[in-house]
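Next come the chains, spelled out residue by residue.
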Amino acid sequence: MTGIVKLTAGSLGKDVLDNAMLIKMARTSMLIPILGFLIYFVHEKGDKRPIFLKIPWFAYGFFIMGPIASYTPLNKLLPFLKPLSGFLWTIALTSIGLTCDFRKLIDVGGMPLVLGLILWLSSILIFLGANLIFCY
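Note that the coordinates shown come from a computational prediction; the quantities given were computed from them, not determined experimentally. Positions within a chain are numbered from 1, following the residues in the order the chain's sequence is written. Predicted model: local features are reported for residues with pLDDT of at least 70 only, side-chain atom pairs are reported and counted for 80 or more only, and whole-chain, interface and lining totals are derived from all residues. Water and hydrogen atoms were dropped before computing side-chain values, which therefore reflect all heavy atoms in the structure.

Undergrad: Even after reading the chapter, I still don't get the overall build of the chain, so can you show me in this structure?
TA: Strands are runs of DSSP state E lasting at least 2 residues, helices are runs of H or I lasting at least 4, and numbering of each runs from the N terminus. When helices and strands are counted, the chain shows nine helices and zero strands. Each helix and strand of the chain, placed in order from N terminus to C terminus, yields the pattern α-α-α-α-α-α-α-α-α. Expressed as a percentage of its 136 residues, the buried residues of the chain come to 7%. Sequence separation of 24 or more characterises 20% of the internal contacts of the chain that already satisfy a separation of 6 or more. The protein chains shown are the only cover counted for residues, whose accessible areas, like all others here, come from Shrake-Rupley with a 1.4 Å probe. A total of about 11800 Å² of accessible surface is found on the chain, and carbon and sulfur atoms cover 76% of it. The cut-offs for exposure are 20% and 50% of the maximum accessible area for each residue type, with area from a 1.4 Å probe on protein chains only; residues under the lower value are buried, those over the upper are exposed, and the others partly exposed. Here, two residues are considered to be in contact whenever any of their heavy atoms come within 4.5 Å of each other.

Undergrad: Looking at this structure, how should I read the pattern of salt bridges?
TA: Think of it this way: side chains of opposite charge can pair up when their charged atoms draw near. A carboxyl oxygen of Asp or Glu within 4 Å of a side-chain nitrogen of Lys or Arg is what we treat as a salt bridge. Under the counting rule described, the total for this entry stands at one salt bridge. For aspartate 18, the salt bridge identified is with lysine 14, shortest N-O distance 3.2 Å. Placement of both aspartate 18 and lysine 14 in helix 2 (residues 14-29) is noted, with a separation of four residues, approximately one turn of the helix.

This is how it looks when you write it as structure tokens:
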């Protein structure tokens, strides 16, 4: 998604690109605290494990690799990392999609799909509205 933000905001100028990337990075950096917050409030009452053991292992990898990839010349030293990370990201998202249980989704009544559709349409409308306001 960062590539989409760069492409879209970059076409509107450097200032817009800088602000858009700042917002994107701030939003991304909030994933870990929000994940911890949700796990804290959704955990089962009988579970005595500390909160840090309930956070999935890949979240720690995300938390550690983000600063390393952002603030070190690792990508310049090892150019194969960029295509490898794209490949691994594709595998991760595919794995999430393949674990989706459509029977449970239908049992819930399809409301998650309706909510997703409403949010998707809202995002498009907000983008188009902002584009009309700020670009014309």
